[in-house]
Structure formats: structure tokens, C-alpha cells
Amino acid sequence: MSDRTRTSSSAAATAAAAVAGNAATSGPRRVALEIAVTSLAGARTALAEGADRVELCTALEIGGVTPSQGLTEAVVTTGVPVHALVRARGGDFVYDDTDLAVMEREVRTLVAAGVAGVVVGALRADGSLDVDAVARLVSAARDAAGARPAGLGGPRLDVTVHRAVDRAASPVDAVAALAALGVDRVLTSGGASRARDGLASGVLPDMVAAAGGVEVMAGGGVRLDDVTALVEAGVAAVHLSASTTAATTAAAGTPGAGDENGRSLVSLGSAGATDSYAVTDASVVRAARAAVDAAVAVARDVAPRTPTPRAP
């Protein structure tokens, strides 16, 4: 057994012991299911098929960016708890003051629209967690929530740090720093492109062990057959897009080699761009809900991680 495996096995055992220790007081375990959606229709589907909440964003194909105010307001009306992504641009997570100023504005707009949570994150150029930037965004979110009326959610607001931690030089250290920043949850794949790989490497169990009172939500290329192992690792939630691709026909294209009618689409973006887009698949959400609940039933002796209580 390598040192890496030895360390990871110990961390996994520590995480399992920590959650099991809460069994007597926390009651039956329920692992939350979060679905990433980009539309009102997707949010309705997620709600109807058993999702506990949605992460709302646009441009999911580049990892997501901040949703519009109109879309956010519309999705909030469905009644599903909405956790909105705050990301001003694609690319890396190293932000300058201009980026952060924009994201602070986005945080306030989203909170005023009635979201149940915001999803933020930032890194420094050296790959460490940018604790100052994250603290700045958390403060903006808490201040905005404190000023909103009860009808729009009042002061209670969840703050999740997104998969920027998976690009950190040390994902485990990044997660360990979050509790001091007033963060409720972290979304992570365990420093890998897919959560199953972060689990196999031992990084994801290490993150669960290091998280303290911060919930760990597993996400990143999650498939239904990954769910049982993720739940056994002690995660508090599972996140996936549950999406399929919808394609657009070349109804208004130009003559040439294209669809069966000899038409091709006029490109409206970069070379090779298409009019395909992601839609939330009801059958996948339904199956994910069943998989999560079945995994919890199998591992019923492992209780959920209980976040450290904090005043709103």
C-alpha cells in the first residue's frame, strides 16, 4: 500500500467515523440531490422528479456562468430552492478587482431575486484558495440577504463554494479553509475531472475528512453507478446535470452540404459551434433520486454530516 493510499484510507475511515458518531442525534440520513439547470423548464423537471434543489446557471458547456435576472426570477417562482452560480466569465478562477466588483453586483441581484443560495469561488495565481475574494463574496451575500424581506427568503441564505477548489494546488487545504469563511457547502469532484476519479485517488475522502462543519457535495461527471460509492464516502449531497442534448435543424440555413435538404447552419459563434443545447432529462433526474435514496438505504448505519449551526 502506498503512502497516498494509506493516508486516503485513514481519512476515509475518519470521515466515516465522524458521520457515524452523529447517528444518535441526527436521525435517518437523507443525502440531497442537486440538479444543475439552465432553464425554467429544467427547473420544473428537476422539482417534479424529486430534486432537493437546483443550481441555476447559463453556458453549462463551459462550466456555467451567472444566470440572468429574468431567468432567476422565473425559476424562483417554481418553488424549488434555487442556488445560483456567480461566475462573471468562463476560463480560470483567478479574478481581478473588476471581476470581483461585477460578481458582488451579481450576488446582490440574485439574492434580491429570492434565491435560496449562491455559489461562488476564487483562486490565487499560485493555486491557493483566494480567501479574501471568497470572504468578499460571502459578505456581499450575507449583507444582501439581511436586507431582504421574508417574502423573498429573508436573511437565511446558503453559500456554496464551487469546483474552483478542484483546480487548487491542494484541494484538501482549500476545503479545510472554508469553515472559517462562513461557507455552508462545497461542490467538488475531489480534484479530478470526474468525481469517481477523485474518490478512487483518495482526495475526495480526504476532503470530506478535512471539511469540518462544511457539507461536501460530490459533483463532476457523476453517473448513476457512481452514487453508491459517493454516499458511502460520506458526502452530504450529490450534484449532476441530468441533461441530454437537443439539436436544432437547419431550417433557416444557407444552401450547401448540411441537413437532408441540403442546407447548413450559418455559424453565429466560433468555428464548429452548433445550435445544440442541453435540456434536463426527467428520466435521469428520477433515476438519480432513486439511486441516491437506495444508496442511503444500503448505508443506513452512516449518518449525515451535520453542519455547524450558525446564526443567519
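Structural data are supplied above this passage.
The following paragraphs examine the structure supplied in this document. All values derive from a computational prediction rather than experimental measurement. (Residues numbered from 1 in each chain as written. Predicted model: local features only at pLDDT ≥ 70, side-chain atom pairs only at ≥ 80, totals over all residues. Heavy atoms only, no water.)

**A look at the pairing of strand β1 (residues 32–37)**
Item 1. The buried fraction of β1 is high, at 6 of 6 residues.
Item 2. Here β1 shows no split at all, with Ala 32, Glu 34 and Ala 36 on one side and Leu 33, Ile 35 and Val 37 on the other all buried.
Item 3. Pairing analysis gives 4 bridges linking β1 to strand β8 (residues 237–240), with the strands arranged parallel. Residue pairing in the sheet places Leu 33 in a bridge with Val 238 of β8.
Item 4. Across 4 bridges, β1 lies against strand β2 (residues 53–56) in parallel orientation. Looking at β2, one finds that Ala 36 is bridged to Glu 55.
Item 5. Assessed by its sense of winding, the connection that carries the chain from β1 through helix α3 (residues 40–48) to β2 is right-handed. (Buried < 20%, exposed > 50% of the residue type's maximum accessible area, 1.4 Å probe, protein only. Helix = DSSP H or I, 4+ residues; strand = E, 2+ residues; numbered from the N terminus. Pairing = 2+ DSSP bridges. Right-handed = clockwise from strand over helix to strand, strands pointing away.)

**Overview of the pairing of strand β3 (residues 82–85)**
Item 1. With burial as the criterion, each face of β3 is covered, one bearing Val 82 and Ala 84 and the other bearing His 83 and Leu 85.
Item 2. Two strands pair when backbone bridges link them, and β2 and β3 are joined in this way by 3 bridges, in the parallel orientation. Opposite Glu 55, over in β3, you have His 83 as the bridge partner.
Item 3. For the handedness criterion, the β-α-β arrangement of β2, helix α4 (residues 69–76) and β3 is classed as right-handed.
Item 4. With 3 bridges connecting them, β3 and strand β4 (residues 117–120) associate as parallel partners. Looking across to β4, one finds that His 83 is bridged to Gly 117.
Item 5. Following the chain from β3 across helix α5 (residues 97–112) to the adjacent parallel β4, one finds a crossover that is right-handed.

**So, α3**
Item 1. Of all the positions in α3, only Gly 42, Ala 43, Thr 45 and Ala 46 are classed as buried. End-on, the buried residues of α3 take up no more than an arc of 160°, which puts them together on one face. Residues Ala 41, Arg 44 and Ala 48 are exposed on α3 and point more than 90 degrees away from its buried face.
Item 2. Where the residues of α3 are buried, they touch β1, β2, α4, β12 (277–280) and α11 (282–298).
Item 3. Immediately beyond the C-terminal end of α3, within one or two residues, lies Gly 50, with a positive phi of roughly 105°. (Arc of directions from axis to C-beta. Contact = heavy atoms within 4.5 Å.)

**Thoughts on the environment of Val 75**
Item 1. With respect to the helices, strands and loops of the structure, Val 75 is situated in helix α4.
Item 2. What makes Val 75 buried here is its relative accessible area of 0%.
Item 3. Distance from Val 75 to Leu 56, taken between C-alpha atoms, is 8.4 Å for residues 19 residues apart in sequence.
Item 4. Each residue touching Val 75, except ones within four places of it in the same chain, is listed here: Ser 39, Leu 40, Ala 43, Val 54, Leu 56, Val 80 and Val 82.

**Overview of the pattern of salt bridges**
Item 1. Overall, the coordinates contain 19 salt bridges when judged by the stated rule.
Item 2. Arg 89 is the salt-bridge partner of Asp 99, the closest N and O atoms lying 3.5 Å from each other. Placement of the pair is Asp 99 in helix α5 and Arg 89 in the loop between β3 and α5, with a sequence separation of 10 residues.
Item 3. By relative accessible area, which is 15% here, Asp 99 ends up buried.
Item 4. Among the salt bridges present, the one from Arg 163 reaches Asp 166, with a minimum N-O distance of 2.9 Å.
Item 5. Residue Asp 166 is classed as buried on the basis of its relative accessible area, which comes to 11%.
Item 6. One connected set of salt bridges, linked through shared partners, spans Arg 142, Arg 156, Asp 158, Asp 184, Arg 185 and Glu 215. (Salt bridge = Lys/Arg side-chain N within 4 Å of Asp/Glu carboxyl O.)

**A short note on the sheet that holds β1**
Item 1. In space, the 8 strands of this closed barrel follow the order β1-β2-β3-β4-β5-β6-β7-β8, with parallel pairing throughout. Here the strands of the sheet are splayed against their neighbours by 25° on average, with no regard to which way each runs.
Item 2. Here strand β5 (residues 158–161) pairs with strand β6 (residues 185–188) via 2 bridges, running parallel. Paired with Val 161 across the two strands is Val 186, which belongs to β6. (Axes fitted to C-alpha atoms, helices over the stretch in contact; angles between N-to-C directions.)

**Here we look at the side chain of Thr 280**
Item 1. Tracing the chain through its elements places Thr 280 in strand β12.
Item 2. Sequence-distant contacts of Thr 280, that is, excluding residues within four places in its chain, are made with Ile 35, Val 37, Gly 42, Thr 45, Ala 242, Ser 243 and Val 285.

Limitation: the analysis is restricted to geometry and does not speak to function.
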